[in-house]
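The lines below spell out each chain.
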Amino acid sequence: MLDGKEPGLHVLQKGEGRCQILKDILILGIETSCDETSAAVVKNGREVLSNVISSQVSVHQKYGGVVPEIASRKHVELILPVINQSLEEAGVDIRRIDAVGVTYGPGLVGALLVGLSAAKALAFALDKPLVGVHHIEGHIAANYLDHRDLVPPFLCLVVSGGHTHIVCVKDYDQFEIMGQTRDDAAGEAFDKVARALGLGYPGGPLIDKAAASGNGSAIDFPRVYFDDGSLDFSFSGLKTAVLNYLNGMEQKGLKCPVEDVSASFQQAVVEVLVNNTLKAAGLKNLNKIALAGGVAANSALRNLMKIRAKESGFSFYYPGIVLCTDNAAMIACAAYYELMRGNRSELWLNAVPGLKLGEK
Ligand code: KG4
Ligand code: ZN
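Keep in mind the model is a prediction, meaning the values are calculated, not measured. (Residues numbered from 1 in each chain as written. Chains lettered and ligands numbered in written order. Predicted model: local features only at pLDDT ≥ 70, side-chain atom pairs only at ≥ 80, totals over all residues. Heavy atoms only, no water.)

A. Layout of the site of ligand 1. Around ligand 1, the structure places 20 residues, and the nearest of them are Gly 161, Asp 191, Gly 204, Asp 208 and Asn 298. Contacts to ligand 1 include His 139, whose side-chain N or O atom sits 3.1 Å from an oxygen atom. With the chains in place, 89% of the 560 Å² that ligand 1 exposes on its own is no longer accessible. Counting residues per element, the ones that place at least two in the shell around ligand 1 are helix 4 (135-146), helix 5 (186-196) and helix 6 (203-211). The greatest single-element share of the shell around ligand 1, amounting to four residues, is contributed by helix 6. Residues of the shell around ligand 1, tallied by class, amount to five nonpolar, twelve polar and three charged. Each of domain 1 (11-145 + 324-340) and domain 2 (153-320) gives at least three residues to the shell around ligand 1. (Near = heavy atom within 4 Å. Polar contact = N/O pair within 3.5 Å; in protein donor to acceptor, adjacent residues only side chain to side chain. Areas by Shrake-Rupley, 256 points an atom, 1.4 Å probe, with all protein chains shown as cover. Helix = DSSP H or I, 4+ residues; strand = E, 2+ residues; numbered from the N terminus. Nonpolar A, V, L, I, M, F, W, Y, C, P; charged D, E, K, R; others polar. Domains from an automatic or database assignment.)

What follows is the structure in structure tokens.
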């Protein structure tokens, strides 16, 4: 926990021993795991000095999803201008950076390699530590940037285009996965259903918007809970149920009620996410719940979690919209805590597309 009493003097109070830092620590964060090229400068792990995000959404939109080869090429074009802009906006000379934090997995291998190569080159040239960060750890850390009072332990629901994890955050660098998807990630389900509804890409925000004028109880889509006590998720059956519903409407020559389908699908996803997360918090006796990842931007998820957390007497945290989707500030924040724990990476660090949370 940052002490913050004396400017420039910060004390880490959790973890192995106490560690005093006598100057501000500036981390340059780099994120290129999917289709956002991002670089950020974060001070003392909690203060965002800059967070430049160059989204490739418009490039991939016409293909209905991210094309890995195009993503890698775009990252190559953008990485240096984005890093330069992040330093310029932060008003920080590159030689003043204390460490370079970078996502090294999971993600698209070609995309990851671009950010990682830039980070390694900078760390080598500047003779500063390199800190490899797990992308999910970054998403979780986004909460620290918007909630300075938040410290572990807490429970975090990480929901993005590639991941759906219930994570017990035991400490800044210690995680226990309590449940995860057995098939589609929540964001993936949003994107696939949006495509079937002809809404476009990325689907999550478009379904969220369409659902605002629909009825979430109009269609009774399935909610999957495993009866072995597992907190895992499954969304592929729900996706198929939506597709079957849409086919049925088409065969009958009926117009698809896009708003009601969006709202009912969203309601089914959100209910399962919230119920399993609250159950996990109860099992761990934790009274703090956080959301992370792109789907954490979903208004229905935020609303239902807020209501249910309040009923249970839990504190509830979620990052602002910009920090929910992929960005480098969250990576710099996670890198700061790894660095404070003495965790650094070697310059031969490689991209690990299937990296598991907790693996080093
Ligand atoms: O975290 P993120 O930027 O990238 C990954 O690490 O995957 O998440 C992107 C995902 C996409 O599937 C997108 O459709 C979803 O987050 N998303 C949303 C919303 N905003 C973004 N899903 C539901 N509701 C939203 N408002
Ligand atoms: Zn992400």
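B. Focus on the pairing of strand 11 (residues 288-292). With five of five residues buried, strand 11 lies mostly within the body of the structure. Across the two faces of strand 11 the burial is the same, with Lys 288, Ala 290 and Ala 292 and Ile 289 and Leu 291 all buried. Here strand 8 (residues 154-159) runs beside strand 11; their pairing, made up of four bridges, is parallel. Note on strand 11: the bridge partner recorded for Leu 157 is Leu 291. In the sheet, strand 11 pairs with strand 12 (residues 315-317) via three bridges, with the strands oriented parallel. If you follow Ile 289 over to strand 12, its bridge partner there is Phe 316. (Buried < 20%, exposed > 50% of the residue type's maximum accessible area, 1.4 Å probe, protein only. Pairing = 2+ DSSP bridges.)

C. Quick look at the side chain of Glu 137. With respect to the element layout, Glu 137 can be found in helix 4. Those residues in contact with Glu 137, other than ones at most four positions away along the chain, are Tyr 172, Phe 175, Ala 334, Glu 338 and Leu 357. (Contact = heavy atoms within 4.5 Å.)

D. Highlighting the coordination of the zinc ion (ligand 2). Distances from the zinc ion (ligand 2) to its protein donors, namely His 135 (NE2), His 139 (NE2) and Asp 326 (OD), fall within the range 2.0 to 2.1 Å. Donor residues binding the zinc ion (ligand 2) come from one chain and are separated in sequence as H-x3-H-x186-D. Residue His 135 is found in helix 4, and its partner Asp 326 is found in the loop between helix 10 (321-324) and helix 11 (329-340); the two are separated by 191 residues along the sequence. Each member of the pair, His 135 as well as Asp 326, carries the same accessibility label: buried. (Donors = N, O, S within 2.8 Å, 3.2 Å for Na, K, Ca; no water.)

E. Structural detail: helix 6. Taken together, the buried positions of helix 6 are Gly 203, Gly 204, Ile 207, Asp 208, Ala 210 and Ala 211. On the buried face of helix 6, the contacting elements are helix 5, helix 8 (258-284) and helix 9 (299-312).

F. Just the pattern of salt bridges, in detail. Using the criterion set out here, one finds 18 salt bridges in the structure. In this structure, Asp 184 and Lys 192 form a salt bridge, with 3.4 Å as the shortest nitrogen-oxygen distance. Classification of Asp 184 by relative accessible area gives buried; the value is 7%. With a shortest N-O distance of 3.0 Å, Lys 239 and Asp 184 are connected by a salt bridge. With a gap of 55 residues between them, Lys 239 in helix 7 (residues 236-251) and Asp 184 in the loop between strand 10 (174-180) and helix 5 connect regions that are remote in the sequence. Residue class for Lys 239 comes out buried when judged on its relative accessible area of 15%. Salt bridges sharing common partners tie together Asp 184, Glu 188, Lys 192 and Lys 239. (Salt bridge = Lys/Arg side-chain N within 4 Å of Asp/Glu carboxyl O.)

G. Local environment of the packing of helix 6 against helix 8. Relative to each other, helix 6 and helix 8 sit at 110°, their axes nearing to 7 Å. Between helix 6 and helix 8, the interaxial angle falls into the category roughly perpendicular. For the crossing formed where helix 6 meets helix 8, the hand is left-handed. Where helix 6 abuts helix 8, its residues Ile 207, Asp 208, Ala 210 and Ala 211 lie against Glu 259, Ser 262, Ala 263, Phe 265 and Gln 266. For the contact of helix 6 with helix 8, the residue count by class is five nonpolar, two polar and two charged. (Axes fitted to C-alpha atoms, helices over the stretch in contact; angles between N-to-C directions. Parallel < 35°, antiparallel > 145°, perpendicular 65-115°, else oblique. Left-handed = near helix turned anticlockwise from the far one by under 90°.)

H. The packing of aromatic side chains, seen in detail. Inspection of the entire model under this criterion finds nine aromatic pairs. Both rings, one in Phe 221 and one in Tyr 245, keep their centres 6.0 Å apart while their planes meet at 85°; by these two values the pair is edge-to-face. Taken together, the residues span a long stretch of sequence, with Phe 221 in the loop between helix 6 and helix 7 and Tyr 245 in helix 7 at a distance of 24 residues. The structure contains a cluster of three or more aromatic residues connected by ring pairs, namely Tyr 144, Phe 154, Tyr 172, Tyr 336 and Tyr 337. Just above the ring of Phe 226 sits the side chain of Arg 182; from NZ or CZ to the centre is 3.8 Å. (Phe/Tyr/Trp six-rings, centres within 6.5 Å; stacked < 30°, edge-to-face > 60°. Lys NZ or Arg CZ within 6 Å of the ring centre and 35° of its normal.)

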